[in-house]
Number of protein chains: 2
Amino acid sequence: MNVFAYPEPLADLVMAFSRLPGIGPKTAGRLAFYLLRHEDVALKLAGAAERALREITACEICGNYTDVQPCRICAAANRDRTMLCVVEQARDVASLEKTGEYNGYYHVLGGVLSPLDGIGPDQLNIASLLRRLTGVNEVVFALNPTVEGEATAAYLSGLLKPLGATVSRIAHGLPVGGDLEYADEVTIARALEGRRRL
Amino acid sequence: MNVFAYPEPLADLVMAFSRLPGIGPKTAGRLAFYLLRHEDVALKLAGAAERALREITACEICGNYTDVQPCRICAAANRDRTMLCVVEQARDVASLEKTGEYNGYYHVLGGVLSPLDGIGPDQLNIASLLRRLTGVNEVVFALNPTVEGEATAAYLSGLLKPLGATVSRIAHGLPVGGDLEYADEVTIARALEGRRRL
């Protein structure tokens, strides 16, 4: 009996789980059987998924996920209007906010330039970024350290500098708790490059 | 920003995911953001969970999960009526069916004896098991090799033997592809005990 010999509603649920990232067929089966035994968990999950799709939209200003317009960060009056942090995706905002170290505003690009995937400047929230520069002293790029992330930062940097903004990017280097032995050479090279005087 | 600073519908979805077994807060966040970016996957998952709860029930005969009564295995005429395999949970039926090596019928206990958790004989499908013995030559226990599983097999064995049934259990030993070096001593002792002449 493979997955398709489960009763169809159960096979469907296993298939639905296995479409999630990082969930293989075995985990999908385990989760599906768990839901059948825990009706409350299943109903909560189904309801929460439907509600999130219905109520969560992109903030009209920054592109972050929100249930109000504009989002709570854009609406906050006590943040630093002179700093704007550019990220790839809405979830990156959450990662940065968790640090508690950044008090400016955000701008979600919605991806990075990737010509092979057909993602050019027009597919990203770049026009809206350019309209937000009034009063901004520094634009910090917090893009992922990938080839596409670097290319996107370079491209945007070329657009923003002539408009008078200071442009920076977050540091690349060894992760805290990391080990030189396990770090790749590009990371080590970046860490050397970004060394700071003590 | 911790998880509670997400917009509420998003925080709810993260919480719902983190109630699943083996899904920690970080994975829950990743899955929730994935669903927001993939509406089709989210709707499919929510729909499949609701439908499975609505349509899947326990088979009236064997206790397996099914969308028809009796389940397709109990309804099959071409299986071996003389063999009955006793398992803990409905999902164990799927594991055994996948081997393609067993052609008898099943009986799902719905758990194992566990006095500390308040699970005694009356909480398991034992009465219905005793009513199914007509024409059965062999009852095979395929319970998990835990203390509770062993105790349950011993208890049921004591009930079934006086009724004339041959009682057996699946072999315990080294898993195929396993390595003596990594096996625990109880497994190795069981494997020795269950050795077979070549």
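Residues numbered from 1 in each chain as written. Chains lettered and ligands numbered in written order. Predicted model: local features only at pLDDT ≥ 70, side-chain atom pairs only at ≥ 80, totals over all residues.

1. What about the overall build of chain A?
No. 1: For chain A, the count of helices and strands is 8 helices and 6 strands.
No. 2: Relative to its length of 198 residues, chain A is extended, with a C-alpha radius of gyration of 21 Å against a globular reference of 16 Å.
No. 3: A buried classification covers 31% of the 198 residues belonging to chain A.
No. 4: For chain A, contacts bridging at least 24 residues in sequence account for 41% of all contacts bridging at least 6. (Helix = DSSP H or I, 4+ residues; strand = E, 2+ residues; numbered from the N terminus. Rg over C-alpha atoms; globule rule 2.2 N^0.38 Å. Buried ≥ 20, exposed ≤ 12 C-beta atoms within 10 Å, placed from the backbone. Contact = placed C-beta atoms within 7 Å.)

2. A short note on the interface of chain B and chain A
No. 1: Taken together, the contacts link 44 residues of chain B with 44 residues of chain A.
No. 2: Among the secondary structure elements, those contributing two or more residues to the side of chain B that touches chain A are helix 1 (8-18), helix 2 (25-37), helix 3 (39-55), strand 2 (65-66) and helix 5 (90-99) of chain B.
No. 3: Here the element with the most residues in the side of chain B that touches chain A is helix 3 of chain B; it accounts for 13 residues.
No. 4: Class assignment for the residues of the side of chain B that touches chain A results in 27 nonpolar, 4 polar and 13 charged. (Nonpolar A, V, L, I, M, F, W, Y, C, P; charged D, E, K, R; others polar.)

3. Remarks on the nonpolar core
No. 1: L13(A), A49(A), L13(B) and A49(B) are the most contacted members of the largest nonpolar core, which totals 98 residues.
No. 2: The contact partners of A49(B), leaving out residues within four places of it in the chain, are L13(A), L35(A), A42(A), L45(A) and A46(A). (Core = buried A, V, L, I, M, F, W, Y, C linked by C-beta atoms within 7 Å.)

4. A closer look at the relation of the copies chain B and chain A
No. 1: Placing chain B over chain A gives an RMSD of 0.0 Å and needs a rotation angle of 180°, together with 0.0 Å of translation along the axis. Such a combination of turn and shift is consistent with a two-fold rotation axis. Looking at the rotation axis and the C-alpha trace of chain B, the residue lying nearest is A46(B), at 2.0 Å.
No. 2: Most of the interface of chain B is mirrored in chain A: 100% of its interface residues are interface residues there too. (Least-squares fit on C-alpha atoms with pLDDT ≥ 70 in both.)

5. Regarding the environment of G110(A)
No. 1: Residue placement: G110(A) occurs in the loop between strand 4 (105-108) and helix 6 (127-130).
No. 2: For G110(A), a count of 18 C-beta atoms within 10 Å gives the class partly exposed.

6. Some words on the sheet that holds strand 3 (residues 83-87) of chain A
All names here are of chain A.
No. 1: The parallel open sheet is built from 4 strands, whose spatial order is 4-3-5-6. Both edges of this open sheet fall to strand 4 and strand 6 (166-169), since each of them pairs with a single strand only. Going across the sheet, the axis of each strand differs from the next one's by a mean of 25°, ignoring polarity.
No. 2: Note that strand 5 (residues 138-141) and strand 6 share 4 bridges and pair parallel. Bridge assignment links F141 to a residue of strand 6, and that residue is R169.
No. 3: On top of the sheet, helix 7 (residues 147-160) reaches strand 3, strand 5 and strand 6; it is set at about 165° to strand 6, its chief contact. (Pairing = 2+ DSSP bridges. Axes fitted to C-alpha atoms, helices over the stretch in contact; angles between N-to-C directions.)

7. Observations regarding helix 5 of chain B
No. 1: Taken together, the buried positions of helix 5 of chain B are A90(B), R91(B), D92(B), V93(B) and A94(B).
No. 2: Tucked inside the fold, the buried residues of helix 5 of chain B contact helix 2 (25-37) of chain A together with strand 2, strand 3 (83-87) and strand 4 (105-108) of chain B.

8. Concerning the sheet that holds strand 5 (residues 138-141) of chain B
Strands in a sheet are paired, the pairing made by backbone hydrogen bonds, and the direction either parallel or antiparallel.
All names here are of chain B.
No. 1: The strand order across the open sheet formed by 4 strands is 4-3-5-6, and the pairing between neighbours is parallel. Among the strands making up the open sheet, the edge pair consists of strand 4 and strand 6 (166-169). On average, each strand axis in the sheet is inclined to that of its neighbour by 25°, with strand direction left out of account.
No. 2: Sheet topology note: the strand 3/strand 5 ladder contains 4 bridges and is parallel. Residue pairing for strand 5: M83 is matched across the bridge by E138.
No. 3: Contacts between helix 5 and the sheet are confined to strand 3 and strand 4, with strand 3 contributing the most and set at about 130° to the helix.
No. 4: Packed onto the sheet, helix 7 (residues 147-160) meets strand 3, strand 5 and strand 6 and runs at close to 165° relative to strand 6.

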